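# Results of the structural survey
One-letter residues, chain by chain:
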Amino acid sequence: MFTRTMDISTSGLMAQRTRMEAIAGNLANITTMRNEKNEVKPYQPRFVVFQEDPNIGTNGSSGVRVPAIGIDTDLPPIRVYNPTHPDRDADGYIYLPRINMMTEFTNAIESSRSYEANLGAIEISKSMANQTLRIIT
């Protein structure tokens, strides 16, 4: 029972770690205007998709998994007039990724709190298992 509880929390830890990595990537590329092929194309923000994982857990409880990391292709880039930039278009505009730093920071705080909550659940499970062993022995 305690192992299953820890498995559920561990799946949450791994999912939130993946989310933090996506957030960090978005923040690191907030001004990236070229893709991997060195073409002038703004970075497209990543987001993590969470899904219930019924293979983890018992008695109606489930874990979580990350089936995909999505790319937000619907967001148009930010158009900024910069006629001296080498990546400008014919009209003197550059295109930056539409990444909102405050939104990313808020998501990072939320992910961090969820990570901490899962760590707390693991600690409580460990404590309960230790107390059970003390009672038995």
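Below is a summary of the structure that appears in this document. Residues take numbers from 1 onward in each chain, read along the sequence in its written order. Totals for whole chains, interfaces and linings use all residues, but because this is a predicted model, local features are given only for residues with pLDDT of at least 70 and pairs of side-chain atoms are given and counted only at 80 or more. Processing note: side-chain calculations cover all non-hydrogen atoms of the structure and skip hydrogens and water entirely.

By the criteria applied, helices consist of DSSP H or I runs no shorter than four residues and strands consist of E runs no shorter than two, each listed in order from the N terminus. In terms of helices and strands, the chain carries two helices and four strands. Of the regular secondary structure in the chain, the N- to C-terminal order runs α-β-β-β-β-α. Note on method: radius of gyration uses C-alpha positions; expected globular size equals 2.2 Å times residues raised to 0.38. In summary, the chain has a C-alpha radius of gyration of 21 Å against a globular reference of 14 Å for 137 residues, an excess of more than 25%. With the C-alpha coordinates aligned to their principal axes, the bounding extent of the chain is approximately 80 × 25 × 20 Å. Note on definitions: a residue-residue contact is assigned when non-hydrogen atoms from the two residues lie within 4.5 Å. When contacts within the chain are restricted to residue pairs at least 6 apart in sequence, those whose partners lie at least 24 apart make up 56%. Surface exposure here means Shrake-Rupley accessible area, sampled with a 1.4 Å probe, where a residue is shielded only by the protein chains that are shown. Within the structure as shown, the chain displays about 9,100 Å² of accessible surface, and the carbon and sulfur contribution to it stands at 55%. We count Lys and Arg on the positive side and Asp and Glu on the negative side, and we leave His and both chain ends out. For the purpose of locating charges, the reference atoms are NZ of Lys, CZ of Arg, CG of Asp and CD of Glu. Distance between charge centres in the chain, computed from 14 positive and 15 negative side chains, equals 3 Å.

The next subject is the pairing of strand S4 (residues 93-96). Buried means the residue's accessible area, taken with a 1.4 Å probe over protein chains only, is under 20% of the maximum for its type, while exposed means over 50%, and partly exposed covers the values in between. Only one face of S4 is covered, namely the face carrying Ile94 and Leu96; the face carrying Tyr93 and Tyr95 is uncovered. Only when DSSP finds a minimum of two bridges between them are two strands counted as paired. When strand S3 (residues 78-81) meets S4, the two strands line up antiparallel, connected through four bridges. Note on S4: the bridge partner recorded for Tyr81 is Tyr93.

Multiplying 1.5 Å by the residue count of a helix minus one yields the expected span of that helix. With 36 residues, helix H2 (residues 101-136) should cover 52 Å at 1.5 Å per step; its first-to-last C-alpha distance of 53 Å lies within 8% of that length. Of the positions making up H2, those classed as buried are Glu104, Ala108, Ser111, Asn118, Ile122, Ser125 and Ala129.

Given two aromatic rings, their pairing is described by the distance between the two centres and the angle made by the two planes. Only centres within 6.5 Å qualify two rings of Phe, Tyr or Trp (six-membered ring in Trp) as a pair; their planes then separate them into stacked at under 30 degrees, edge-to-face at over 60, and tilted for everything else. Applying the stated criterion across every chain, the model contains one aromatic pair. Arranged with centres 5.3 Å apart and planes meeting at 65 degrees, the rings of Tyr81 and Tyr93 form a pair that is edge-to-face. In this pair, Tyr81 is assigned in strand S3 and Tyr93 in strand S4, connecting sequence segments twelve residues apart. On the basis of relative accessibility, which here comes to 52%, the residue Tyr81 falls in the exposed class. Classification of Tyr93 by relative accessible area gives partly exposed; the value is 24%. A cation over an aromatic ring shows up here: Arg79 above the ring of Tyr93, its NZ or CZ 3.6 Å from the ring centre. Put simply, a charge is over a ring when the Lys NZ or the Arg CZ is close to the ring centre, within 6 Å, and near the line of the ring normal, within 35 degrees.

You will see that Asn38, though not glycine, has its phi angle at about 65 degrees, which is positive. With respect to the helices and strands, the residue Asn38 is situated in the loop between helix H1 (2-28) and strand S1 (46-53). The exposed category is assigned to Asn38, whose relative accessible area is 53%.

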